[in-house]
Amino acid sequence: MIQSIEVKKSVCMWCHIHCRVEAHIKDGRLERIEEDKDLPGAEQARAIVRACPRARAAAEWLYHPDRLNYPLKRIGERGEGKWQAISWEQALDEIAEELKGIMERYGAEAIATSSGTGRTHDEYRIRFFNLLGSPNNIGQGLICYGPGSMVSRAIYGWPDFYPAVGRTTRCIMLLGANPKQAARGLWQAILISQREGAKLIVVDPRRTDAAARADIWLQLRPGTDCALYLSMINTIISEELYDKDFVDRWCYGFDKLAERAQDYPPEKVADITWVPAERIRQAARMYATTKPGVIVHTMGVEHLANCIEAIHARYILTAITGNIDVRGGEEMRSPHHQLREEYEIELNEKLSPEQKKKQIGAERFKLSSKYGNELITKTAKSRIGSGHTTFAHAPSVYRAMITGKPYPVKAMLTVASNPLVTQPNVKLVYKAIKSLELYVVHDFWLTPSAEIADYVLPCASWLERPGIFNYWDSASFVHVADAVVSPKLEGQYDRRPDYDLWRGLGIRLGQEEFWPWLSLKEALAYRLEPFGFGSFDEFMQKTGGTIRPAKEEKKYEKVGFGTPTGKVELYSTILEKLGYDPLPKYYEPPESPVSAPQVAKDYPLILTTGVRHQPFYHSEHRQIDSLRKQHPDPLVQINPETASRLGIEDGDWVWIETPRGRIRQRCQYFKGIDPRVVAAQHGWWFPELPGEEPWLHGVWESNINVVTDDEPEHCNQISGGWPLRGLLCKVYKVKHY
Ligand SMILES: Nc1nc2c(c(=O)[nH]1)N[C@H]1C(S)=C(S)[C@@H](COP(=O)(O)OP(=O)(O)OC[C@H]3O[C@@H](n4cnc5c(=O)[nH]c(N)nc54)[C@H](O)[C@@H]3O)O[C@H]1N2
Ligand SMILES: Nc1nc2c(c(=O)[nH]1)N[C@H]1C(S)=C(S)[C@@H](COP(=O)(O)OP(=O)(O)OC[C@H]3O[C@@H](n4cnc5c(=O)[nH]c(N)nc54)[C@H](O)[C@@H]3O)O[C@H]1N2
Ligand code: SF4
Ligand SMILES: [Mo]
């Protein structure tokens, strides 16, 4: 019998590239996914999807026996690993009842929610919490692209730029970015533009694949980016390499910037950053004179204590060289005007001013809270959409769970995140979550975080649910996809998208009038309605699922910049109003040989964490055998010179110890790292180890966040972001393992 293969279009959600893909379905079952062959530029898409290990393992992932299938209710002590499968209705009834009780006893603000790196429809979660009355939304957005977004909205009045690396790009500067491992689309684009003759400058403490191909590699001391960029600004100004016309017409505060930059001559900055002064000058000259140029900064910069200031300096570099909104440079985007924005769906106006004020951390870290958002949206609204979601300060919220200060936090609903692995200082996070009266997790797997929950709810993946993707209101293109397989199979599984959770709880808690859409598909159709194509299915038929508006350059010439002065604010009046330094300033990482010499005596090496690697995505995919075989163990990169001095051989298990504790990873000899620095991977837990305490799937074994720092004093004082890079540690061999 010939069985037919049906091809359905979708958008992969296993990383932020969001490739358009084709799902090949046989008898209702997924066989494989391939690139979308109808897409313009399919050649590049093919190279990405075909080389993607996660895409190749799609069916193995989807039908994995460990997937969660029905809601689980804890029947033993929390963390004992004893569960009972229950229906969705029972789970929603019971969770809603408990939430009611907590609200009555402590107020809605006692219910927090945590999210991860934006891989689901978070707008409905925020809608639920705004209607409930809680401002305590914590998430990775505060340290992952949030800092860039906040600063660009504040100083440009525009969302952050889209690095339009293309054939016309002449110079690319990668700041703390590792695209071959983390962003394959960008990597492909870099390879192509290098072939066309573009120059490449890389700022990274490690010799990444990009650094190995760079014209100039600046191997800096972790945590010192801000000083380096200010020094490049110093060179560009003192050698008059800036775009005078653009600066005169479109920049505010150039003189004050020039004065500030005088504090950062390359000779002085060479001592701070370890980068030779002449190399700083060369990089500044190359970037300023090779146009159009694109800067891409990612987590090497966003994860620093000094991040907001470093990002401010980085955006100044783009501005004073006139690389804004030009073909082959950095493109300014706005949300598509015909798509109903996530922000609108969130109903932020429903959260009363009194409850908004209670957001934990809002008074202290103002740029990321309502204070910053209100100032930004006053002038930037038409460029950035209606506004952006604000975050409570996660380390302060976890402390409130433990101490009851500034008020008790008694419940948390975690969706699409794994805080026990991805939040800093996990011992504290663990203690905080264990002290809650109610903890609920919605996920595909029993992760370490899920293992200490009261209820765990099974999630429908992107293959099992519809979706809209436009980079959280910041991209002008729109991708839409429908489910390619069913999330339900009688007697076998009943997985549901997050939307069903929020709607289910919402209607049980008096929010019925705000949840008119019975399903996620109906809810998404409402967002698409202004396009005028009809239903969700009609939209898909008529558009193929993709809308790409034509690009326009130098839009600011028509509409200006959405800042209080109408110009790019090199000197930020918004930061000034919020009570911060209006210009970027370098300060030492809070835990460095310079700022904490006493600590450095015992912990002499500089620790940087993250280091994206294939085939994994953060804490995911460790249970997929074909992927795990490609990368079985957690790795820490150490220079062979340092390692041999410490009696450590390549492949040895080593302890990585900081003032907060120790964990072990395997040493990978790497000559491309400075002998004074080590780089540890993050995201490690071991699904194959027992789930019950004290194991929690080995969450204490190799998870670098057991030893990272979340001290509010050490966070960026403007945004609240925590330092994941530029810490101190010592490393020594594990004797018996
Ligand atoms: N030390 C250190 N820590 C870091 C970093 C670092 O570099 N160093 N990086 C930080 C950064 S940039 C980020 S973005 C964070 C990532 O932090 P997280 O987002 O918490 O990380 P993930 O491991 O991706 O966790 C996502 C969880 O949600 C589940 N999931 C995936 N998709 C969905 C969905 O659609 N719905 C639901 N309900 N669940 C879903 C996955 O199975 C997984 O368990 O980690 C941060 N932590
Ligand atoms: N395979 C895979 N891809 C991913 C992810 C994943 O988990 N796995 N996660 C996704 C997410 S959410 C994100 S945010 C992106 C992150 O993508 P990237 O930011 O590219 O991720 P990393 O490799 O952690 O960090 C980038 C570089 O920062 C360098 N670095 C460390 N400390 C410093 C410093 O102090 N200064 C500078 N300038 N550089 C430093 C590191 O050596 C590293 O090469 O990747 C996305 N893509
Ligand atoms: S996981 Fe692979 S296929 Fe999916 S979006 Fe990322 S690169 Fe594309
Ligand atoms: Mo991220």
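To be clear, the structure that these remarks concern was listed above.
Computed from a predicted model, the values in this text were never measured in an experiment.

Draft legend 1. Structural context of the nonpolar core. In this structure, Y229, I233, I320, Y398 and F561 are the most contacted members of the largest nonpolar core, which totals 133 residues. If you tally residues by element for this core, the top one is helix 16 (residues 307-320), at ten residues. Residues contacting F561, with those up to four places away along its chain left out, are Y156, W158, F246, W250, I324, M332, R383, Y556, G566, K567 and V568. Core analysis: the second largest hydrophobic core is formed by 45 residues, L438, I468, L520 and L528 among them.

Draft legend 2. Geometry of empty space enclosed by the protein. Per the counting criterion, the structure on display carries six cavities of 30 Å³ or more. Size it by volume and the largest cavity reaches roughly 190 Å³. As for the largest cavity, its lining consists of 18 residues, and the residues nearest its centre are C15, C19, I48, C52 and R54. Considering only residue class, the lining of the largest cavity consists of 13 nonpolar, three polar and two charged.

Draft legend 3. Spotlight on the site of ligand 2. The immediate surroundings of ligand 2 are formed by 33 residues, with D204, D225, T298, F616 and H618 found nearest. In the environment of ligand 2, a nitrogen atom lies 3.1 Å from a nitrogen or oxygen atom belonging to the backbone of Q181. Within the contact set of ligand 2, an oxygen atom lies 2.8 Å away from a side-chain nitrogen or oxygen of R725. Sorting the residues of the shell around ligand 2 by element identifies helix 7 (179-182), helix 15 (299-302) and strand 24 (605-610) as the ones contributing at least two each. Partitioning the shell around ligand 2 into residue classes produces 13 nonpolar, 14 polar and six charged.

Draft legend 4. Local environment of the layout of surface pockets. Reported here for the second largest pocket is a volume of approximately 350 Å³. Of all the secondary structure elements, the ones that give two or more residues to the lining of the second largest pocket are helix 5 (122-132) and helix 19 (370-384).

Draft legend 5. Main features of the sheet that holds strand 26 (residues 653-658). Taking strand neighbours around the barrel as the criterion, the six strands line up as 24-28-25-27-26-29 in a closed arrangement whose pairing is mixed. The average undirected angle you get between the axes of adjacent strands in this sheet is 45°.

Draft legend 6. Looking closely at the side chain of H621. Topologically, H621 is positioned in the loop between strand 24 and helix 30 (625-630). Looking at H621, the relative accessible area reads 2%, which means it is buried. Other than its neighbours up to four places away in sequence, H621 contacts W14, R54, W61, F616 and L627.

Calculation criteria
- Residues numbered from 1 in each chain as written.
- Chains lettered and ligands numbered in written order.
- Predicted model: local features only at pLDDT ≥ 70, side-chain atom pairs only at ≥ 80, totals over all residues.
- Heavy atoms only, no water.
- Core = buried A, V, L, I, M, F, W, Y, C linked by side-chain atoms within 4.5 Å.
- Buried < 20%, exposed > 50% of the residue type's maximum accessible area, 1.4 Å probe, protein only.
- Helix = DSSP H or I, 4+ residues; strand = E, 2+ residues; numbered from the N terminus.
- Contact = heavy atoms within 4.5 Å.
- 1 Å grid on protein atoms, 1.4 Å probe; cavity = no way out; pocket = protein on both sides within 12 Å on 5 of 7 lines; lining within 4 Å.
- Points joined across faces, edges and corners; volume = space filled by probe spheres on them.
- Nonpolar A, V, L, I, M, F, W, Y, C, P; charged D, E, K, R; others polar.
- Near = heavy atom within 4 Å.
- Polar contact = N/O pair within 3.5 Å; in protein donor to acceptor, adjacent residues only side chain to side chain.
- Pairing = 2+ DSSP bridges.
- Axes fitted to C-alpha atoms, helices over the stretch in contact; angles between N-to-C directions.

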